[in-house]
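Chain residues, written in single-letter form:
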Amino acid sequence: MAHHRPDASFDALPALSDALRIPPSERSFGRQYAQMYDFRLAVLRKRAKEAAMERHASATHVDRLLDIPPRQVCVVTGTFFSALRRKPDVLQDIARDLSLPPPPPRTSYVDAEHDELFFEDQSGRVRLVGEAIRPGSELASKCVTGVVASIVGIETPDGDLEVRHVYFPGLPPPDTAPTTVTGGRIVLASGLRAGEADPKNDLARELLVEWLTGELDASLCESLHAVVVMPGAQDPCSAALPQQPLLRTLLPRSSVHDTLHLCTNPTWFSLHGRRILATSGQNVHDLLKYLPDEAQTTDAALSMAASTLEWSHIAPTAPDTLWCYPFKATDALVIRAAPDLYIIGNQDAYATKLVHNVRLILVPSFARTHEVVVLDTETLEPHVMSFHT
């Protein structure tokens, strides 16, 4: 018989999270991804255009890339495409001699001497040039594959588009549904790697459970008001985003409790009245590969995570370099409302910042750092709790 425990603080936010749950009948890769890109551009085009025209009212807005007028500053809206020489190529993988071992996964896709940046819409594609997007610049790092933006620029004699300014859609307004924030604490842990034979990690996890429950060998789901579990890159489920919830049969002891909530990755939910958008970190890990190896720091990860809010998209590099389902006439990874809290799991180190009143937190991998993050839901102030052994 299932144990019942009142749980008024958890809300699955179905208006936002349901789009991330894909019925088994829809989990097919037989469709093309073009519809997904078209939807992404259609839903984000207006905000990006408005952001550009607000600053450059005298510039001419061009509806189609192929209609860019010569020798005239204009505003055009589209999607970036990074032509990176070291980027994974599915066709090359298919053609590879299967008797040879596969090459090791790349930590960076960047080859500054050969890489090019393009801008595209339904009408065509144009190459981007200009000092504003020179390799290594802050703006260039934000112009990655799949990001929708408006560009202020001018056509060059060679037919390229010289970039003067770039404007992104920005974060959408918060959900208008009323909420009441209640005081409480949320513990954020990722990368636990339960089940691996590592004595140090085992001891650190035992200390964590004892701290959370107040007793040894206790069940989290019996002791806590809500336990939210998301799959990650190493878990037994599909690797494509959005990863679907873990099967309850994988957690037989915890599944009898209604305090256990198995969610997708990424996912939306609410605790103590705070709207939370969370990912297990694959989106930021892939974005960092659009930077040189030496630039892939914790500060860069924090900046990339903040950029996903500015782009209004959780994982713009999907499906190009990050696996995802080919959505039909939608893109479930578009950010449809501003969260109170944005969580990025499985990172190398803890970091946090406020981005347009959104508390952004990089949660460190527990297996590597033996650290969790504790958040005060009333103030949205986080701090790190360490379980070093």
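Residues numbered from 1 in each chain as written. Predicted model: local features only at pLDDT ≥ 70, side-chain atom pairs only at ≥ 80, totals over all residues. Heavy atoms only, no water.

(A) Structural detail: the environment of Arg-336. Structurally, Arg-336 is set in the loop between α8 (298-311) and β13 (341-347). With 164 residues separating them in the primary sequence, Arg-336 and Pro-172 have C-alpha atoms 6.4 Å apart. In this structure, Arg-336 is in contact with Leu-16, Phe-39, Pro-172, Thr-330 and Asp-331, ignoring residues within four places of it in sequence. Among the polar contacts listed, one links the side chain of Arg-336 to the side chain of Thr-330, at a separation of 3.5 Å. Engagement of the side chain of Arg-336 in a polar contact is seen with the backbone oxygen of Val-334, the distance being 3.2 Å. (Helix = DSSP H or I, 4+ residues; strand = E, 2+ residues; numbered from the N terminus. Contact = heavy atoms within 4.5 Å. Polar contact = N/O pair within 3.5 Å; in protein donor to acceptor, adjacent residues only side chain to side chain.)

(B) The packing of aromatic side chains, seen in detail. Applying the stated criterion to the full structure yields six aromatic pairs. Centroid distance Tyr-109 to Tyr-290: 5.4 Å. Interplanar angle 85 degrees. Geometry classified as edge-to-face. Separated by 181 residues along the polypeptide, Tyr-109 in the loop between α3 (90-95) and β4 (116-121) and Tyr-290 in the loop between α7 (282-288) and α8 bring together distant segments of the chain. A relative accessible area of 3% means that Tyr-109 is categorised as buried. Given a relative accessible area of 9%, Tyr-290 falls into the buried group. Pairwise contacts between aromatic rings join Trp-211, Phe-366 and Phe-387 into one cluster. A cation over a ring is seen here: Arg-125 above Phe-81, with NZ or CZ 4.4 Å from the ring centre. (Phe/Tyr/Trp six-rings, centres within 6.5 Å; stacked < 30°, edge-to-face > 60°. Buried < 20%, exposed > 50% of the residue type's maximum accessible area, 1.4 Å probe, protein only. Lys NZ or Arg CZ within 6 Å of the ring centre and 35° of its normal.)

(C) Representation of the nonpolar core. Judged by nonpolar contacts, the single largest core of 62 residues is most densely connected at Phe-80, Phe-119, Leu-128, Ile-151, Val-166, Tyr-342 and Leu-360. Residue contributions to this core peak at eight residues, all from α8. If we ignore the near neighbours within four places in the chain, the residues touching Val-166 are Phe-80, Leu-139, Cys-143, Ala-149, Ser-150 and Ile-151. Formed by 16 residues, the second largest nonpolar core is a distinct cluster that contains Cys-263, Leu-271, Ala-278 and Leu-341. (Core = buried A, V, L, I, M, F, W, Y, C linked by side-chain atoms within 4.5 Å.)

(D) Main features of empty space enclosed by the protein. For the structure shown, the criterion picks out one cavity of 30 Å³ or more. Contributing to the lining of the largest cavity are Leu-16, Leu-20, Trp-268, Ala-332, Val-334 and Arg-336. A breakdown of the residues in the lining of the largest cavity according to their chemical character gives five nonpolar, no polar and one charged. (1 Å grid on protein atoms, 1.4 Å probe; cavity = no way out; pocket = protein on both sides within 12 Å on 5 of 7 lines; lining within 4 Å. Points joined across faces, edges and corners; volume = space filled by probe spheres on them. Nonpolar A, V, L, I, M, F, W, Y, C, P; charged D, E, K, R; others polar.)

(E) Fine view of the pattern of salt bridges. Tallied over the full model, the rule gives 13 salt bridges. A salt bridge links Arg-40 to Asp-331; its shortest N-O distance comes to 2.8 Å. Here the residue Arg-40 occupies a position in helix α2 (residues 34-55), and Asp-331 occupies one in the loop between α8 and β13, the gap between them amounting to 291 residues. Note on Arg-40: relative accessible area 1%, which makes it buried. Since its relative accessible area comes to 0%, Asp-331 is described here as buried. Glu-131 is paired through a salt bridge with Arg-134; the nearest N and O atoms lie 3.4 Å apart. Take Arg-134: its relative accessible area is 42%, and that puts it in the partly exposed class. Ionic contacts of the salt-bridge type, sharing partners, join the residues Glu-116, Arg-127 and Asp-160 into one network. (Salt bridge = Lys/Arg side-chain N within 4 Å of Asp/Glu carboxyl O.)

Distances and angles like these do not, on their own, reveal function.
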